[in-house]
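Per-entry structural report
These are the residues of each chain, in order.
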Amino acid sequence: MKVFISHKDADSAQALLLKKEFEKYGVPAYLDVLDNDIKLGGKQLTDHIKENLNACSDIIVVMSDKTKLSWWVPFEIGMSAQVDMPTATYLNHTVTLPDYLTYWPRLRTLNDIALYIKVRKKVATESRVLFEHYSVENRQRYETERFYEKLKEEMRK
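The following refers to the structure shown. This structure is a prediction, so every number in the text was calculated from the model and none was measured. (Residues numbered from 1 in each chain as written. Predicted model: local features only at pLDDT ≥ 70, side-chain atom pairs only at ≥ 80, totals over all residues. Heavy atoms only, no water.)

Regarding the sheet that holds strand β3 (residues 58–63)
Consider a sheet: its strands pair through backbone hydrogen bonds, and that pairing is either parallel or antiparallel. This is how it is decided: At least two DSSP bridges between two strands are needed for those strands to be called paired. A helix here means a DSSP run of H or I that spans at least four residues, while a strand means a run of E at least two residues long, and both kinds are numbered starting from the N terminus. Note on definitions: a residue-residue contact is assigned when non-hydrogen atoms from the two residues lie within 4.5 Å. Lines fitted to the C-alpha atoms define the axes, with helices restricted to the stretch that makes contact. Angles between their N-to-C directions range from 0 to 180 degrees.
With parallel pairing, the five strands of this open sheet are ordered in space as β2-β1-β3-β4-β5. Each edge of the open sheet carries a strand with a single partner, namely β2 (29–30) and β5 (106–107). Here five bridges tie β3 to strand β4 (residues 87–91), and the two strands are oriented parallel to one another. Bridge pairing in β4 links Met-63 to Leu-91. Contacts between helix α3 (residues 72–82) and the sheet are confined to β1 (3–6), β3 and β4, with β3 contributing the most and set at about 155° to the helix.

See the structure below:
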């Protein structure tokens, strides 16, 4: 598992906290705030984002009122949705999500990261066994949907 942290520049401090929290549990995370190549523009930046997103298995979207002004966050979400990449939002209680993000699990505290990792690993292990002889595409779609179901269930407890 490797997590791509999508965020608006104004939320870089929060995104960095998330990165550190994932790494505390041994899960690598990509965060462009630490990437020297981010000063690229146009096609170079698009290719850079695609390359780094494709190197990840999951995406966490840091949501704030400032995210509504971003062009890149929706781009990253759209790219991840095309391949059924597990997606979750990280937001505080004052943020109202746009309709296109209400489907995915919502993480609200750093403590939710441990639960995310636990459920994600458990579902990945289950689907590896279940789909041992099936195509990766079928497995990915099933695994992502099952992960959403299980994580939402655990977060209601």
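Comments concerning the nonpolar core
Proteins that are soluble and globular tend to have nonpolar side chains buried together. The test is simple: Only buried Ala, Val, Leu, Ile, Met, Phe, Trp, Tyr and Cys residues count toward a nonpolar core, and they belong to the same one when joined by side-chain atoms within 4.5 Å. Exposure categories follow from relative accessible area, calculated using a 1.4 Å probe and restricted to protein chains: below 20% of the type maximum is buried, above 50% is exposed, and the middle band is partly exposed.
Within the largest apolar cluster, 40 residues are counted, with the highest numbers of intra-cluster contacts made by Ile-5, Phe-22, Ile-60, Leu-107 and Tyr-116. Top contributing element to this core by residue count: helix α4 (residues 111–130), with six residues.

As for α4
Along an α-helix, residues three or four positions apart point the same way, because every turn accommodates 3.6 residues. As a reminder of what qualifies: Multiplying 1.5 Å by the helix residue count minus one yields the expected span of that helix.
For α4, with 20 residues, the first-to-last C-alpha span of 30 Å sits near the 28 Å given by 1.5 Å per residue. Inspection of α4 places Asp-112, Ile-113, Leu-115, Tyr-116, Ile-117, Val-119, Arg-120, Val-123, Ala-124 and Ser-127 among the buried residues, and these make up the whole buried set.

Section: the packing of aromatic side chains
Condition: Note on aromatic pairs: the rings of Phe, Tyr and Trp (six-membered ring only in Trp) are paired at centre separations within 6.5 Å, and the planes decide the class, stacked below 30 degrees, edge-to-face beyond 60, tilted for the rest. Definition used: whenever NZ (Lys) or CZ (Arg) falls within 6 Å of the ring centre and also within 35 degrees of the ring normal, the charge is taken to sit over that ring.
As enumerated under the stated definition, the model contains seven aromatic pairs in all. Ring plane angle 45° and centroid distance 6.1 Å describe the contact between Phe-147 and Tyr-148, whose orientation is recorded as tilted. Across this residue pair, the class does not change: Phe-147 and Tyr-148 are buried. Through successive ring pairs, a cluster of aromatic residues spans Phe-22, Tyr-103, Trp-104, Tyr-116, Phe-147 and Tyr-148. Of note, Arg-120 hangs over the ring of Phe-147, and the distance from its end group to the ring centre comes to 5.8 Å. When the ring centre of Tyr-103 is taken as origin, the NZ or CZ atom of Lys-152, which lies over that ring, is 4.6 Å away.

Describing the layout of surface pockets
The condition is simple: Two kinds of site are reported from a 1 Å grid over the protein atoms alone, namely cavities, where a 1.4 Å probe fits but cannot get out, and pockets, open sets with protein on both sides within 12 Å along at least five of seven lines, and residues are called lining when an atom falls within 4 Å of a point. Grid points are joined across faces, edges and corners, and a volume is the space filled by probe spheres set on the points. Asp, Glu, Lys and Arg are counted as charged, while Ala, Val, Leu, Ile, Met, Phe, Trp, Tyr, Cys and Pro are counted as nonpolar; the rest, among them Gly, fall into the polar class.
Approximately 230 Å³ is the volume attributed to the largest pocket. As for the largest pocket, its lining consists of 15 residues, of which His-7, Asp-9, Asp-32, Ser-70 and Trp-72 are closest to the centre. For the lining of the largest pocket, the elements supplying multiple residues, two or more each, are β1, α2 (42–54) and α3. Its residues assigned to classes, the lining of the largest pocket comprises eight nonpolar, three polar and four charged.

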